[in-house]
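Survey of secondary and tertiary structure
Single-letter residue listing:
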Amino acid sequence: MELHPTFKFRPRLFGEAAVYDLLLALDDRDGFAVHSVNLPEHEYKRWGEADFVIVSRAGVVLLEVKGGNVSLAGRVWRYENARGQAITSSEGPARQAISAAVALEHMLQKRLGRKIRCRWGVAFPHCRFVRALDELPPERLADQAACANPLVFQAWLDSIPFDQHSPSDFALSDTDIREIKEILLPEMSAASSLGLSVTGVERGVIKLTRQQYGILESLAANPRITVTGGAGTGKTELAVLCARAEADAGRRPAVLVQGTALLGSLRDRLADTGIPVTDGRIPDGTDVLIVDEGQDYMQPAALATVFEQLPGGMANGRWRWFMDPNLQYLRSPPDQHSLEQIRTASVSVSLTRNVRSTLEIVRSIQAFLGADIGLSSIDGYGVRVGFHEVDSAVGEANSVVALVQSMLEAGVRPTEIAVLGPNGPEGATARTVERRLADVLRPLRPDGRFASTAHGIIGTVVDFRGLESRAVLLVDLGEASEDTDFERNLYVGMTRASAVLHIFVPETVKRRMVALLAQN
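Quick notes on the rules
- Residues numbered from 1 in each chain as written.
- Predicted model: local features only at pLDDT ≥ 70, side-chain atom pairs only at ≥ 80, totals over all residues.
- Heavy atoms only, no water.
- Axes fitted to C-alpha atoms, helices over the stretch in contact; angles between N-to-C directions.
- Helix = DSSP H or I, 4+ residues; strand = E, 2+ residues; numbered from the N terminus.
- Parallel < 35°, antiparallel > 145°, perpendicular 65-115°, else oblique.
- Left-handed = near helix turned anticlockwise from the far one by under 90°.
- Contact = heavy atoms within 4.5 Å.
- Nonpolar A, V, L, I, M, F, W, Y, C, P; charged D, E, K, R; others polar.
- Phe/Tyr/Trp six-rings, centres within 6.5 Å; stacked < 30°, edge-to-face > 60°.
- Buried < 20%, exposed > 50% of the residue type's maximum accessible area, 1.4 Å probe, protein only.
- Lys NZ or Arg CZ within 6 Å of the ring centre and 35° of its normal.
- Pairing = 2+ DSSP bridges.

Another point: the packing of helix α12 (residues 393–409) against helix α13 (residues 428–436). Where α12 contacts α13, the two axes come as close as 9 Å, and the packing angle between them is 45°. Comparing the axis directions of α12 and α13 gives the class oblique. The crossing of α12 and α13 is right-handed. On α13, the residues touching A393, E396, A397, N398, V400 and V401 of α12 are A428, T429, T432, V433 and R436. Its residues placed into classes, the contact of α12 with α13 shows six nonpolar, three polar and two charged.

Right, here's the structure in full:
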């Protein structure tokens with residue numbers, strides 16, 4: 001059976017990996033299956049996820065998969081995750097599968113304009129059940145025996161009940177299959193993060209655009225790829241997925257990036273894979289190089305140093321280069337010959353959908369800076385960007401403190417807030433805010449990692465590059481030393497926000513921003 005993606009997103013989740021292998025071996029040339037599908041209209045979550053969706057002429061089947069050890073005591077389910085940690089839940093896998101199936105039916109009906117019925121089942125590839133479960137009759141449950149081989153697994157899939165309907169109510173034509181495929185593939189998710197969130201550990205769901213999905217699927221065919229996209233178009237997420245895909249294919253990737261905070265966060269993100277993340281020397285034996293924030297290396301000496309470490313070099317090596325096209329915000333202009341070298345040696349693709357920021361934030365960035373950060377793919381919350389005129393550092397600090405307190409009262413968590421400025425905690429306003437909100441905000445650690453998983457961030461704009469927060473407050477902008485430094489801080493700072501953005505504007509900053517509006 002055709003299976004997407006063509007590599008395992010989460011090979012360490014052994015249950016999902018086992019089902020992936022079984023589906024791949026099924027003898028079905030007409031249908032397809034997708035691993036990990038976003039369900040934006042889930043019954044009780046902002047985002048839900050289907051572990052596997054199988055689409056064939058027999059219809060649509062959704063599978064919930066549980067790996068590791070699974071047990072049931074009374075009404076409490078106990079699952080074991082990939083790290084061997086126990087997770088308990090009163091919500092059984094049947095309820096999870098049913099609600100996901102309903103969400104899938106709603107999504108398909110909304111997109112196709114007609115009802116597509118969905119059957120559901122639950123797979124426990126590594127468990128054997130010795131007693132019957134009321135909520136999971138045998139025809140809905142695939143345990144170790146039903147997952148023994150592809151033929152047995154196919155027989156179990158065929159036996160999943162049609163409930164009170166006839167099989168013909170679920171059957172699909174080739175046209176149906178093709179149309180559903182066009183919907184589901186871009187909904188494939190990595191069950192990763194909406195970005196490197198303020199907590200540094202929170203996990204949400206990203207939605208892969210068709211462009212991102214196409215890049216992932218083209219990895220095998222293209223040894224050298226350059227991906228350009230403005231801040232928020234998902235470059236870092238895609239770089240992480242590329243690294244995992246290369247490792248899953250048996251290669252030895254390494255990730256190269258500058259910036260202390262982004263370096264630390266990527267190391268945490270990839271810690272379970274053993275993939276090295278470095279800002280300098282590439283480990284011996286590396287045969288694939290993934291470079292994030294590649295614009296930082298666009299000087300002849302830096303570029304030569306990078307590729308002399310990779311077997312085959314720039315011309316014949318295997319590499320993926322992710323970079324921001326808004327090069328006007330670099331501290332030093334890029335070398336045009338270096339840019340041309342990278343583009344000539346690789347297949348070049350562009351990301352044009354912003355998957356981080358709401359439409360309101362994207363429009364504000366484009367209005368003031370004319371920067372190409374893509375079209376917003378986020379269903380915005382309708383929160384307008386806030387511009388707060390202030391008359392002094394004391395007045396600015398008072399306004400920031402009052403705003404943060406009101407956000408907390410409205411239910412925003414401290415970990416969703418970042419207060420950023422050109423000089424971070426050393427700025428006139430930020431210094432006062434840090435003292436008055438010490439129980440809410442903490443500076444980044446020297447190694448770029450988050451000081452606390454219970455506090456928000458107060459830091460420099462440049463140190464937060466590559467990261468994001470749901471709510472960003474930009475302060476001390478008047479301390480930017482020159483116009484280019486001001487625009488750089490404004491660009492990086494504004495593009496860190498995913499849902500809420502507030503900018504504090506003393507008179508000097510107001511004049512600069514009015515000039516930018518006239519210019520752009």
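Text resumes after the structure shown.
What follows covers the packing of aromatic side chains. For the coordinates displayed, the defined rule picks out six aromatic pairs. Ring centres of F162 and F170 lie 5.2 Å apart, and the angle between their planes is 65°; on these two criteria the pair is classed as edge-to-face. The exposure classification of F162 matches that of F170, with both residues buried. These aromatic residues form a ring-pair network of at least three members: Y297, F307, W319 and W321. It is R119 that lies over the ring of F162; its NZ or CZ is 4.3 Å from the centre. Geometry around F32 places K181 over its ring, the cationic atom sitting 5.8 Å from the centre.

Pairing within the open sheet is parallel, and its six strands lie in the order β18-β23-β22-β19-β21-β20. If you trace the sheet from one side to the other, it starts and ends with β18 (386–389) and β20 (441–442), each paired once. Across four bridges, the pairing between β18 and strand β23 (residues 497–505) is parallel. Residue pairing in the sheet places H388 in a bridge with F504 of β23. The sheet strands contacting helix α15 (residues 507–519) are β18 and β23, and the helix crosses β23 at an angle near 120°.

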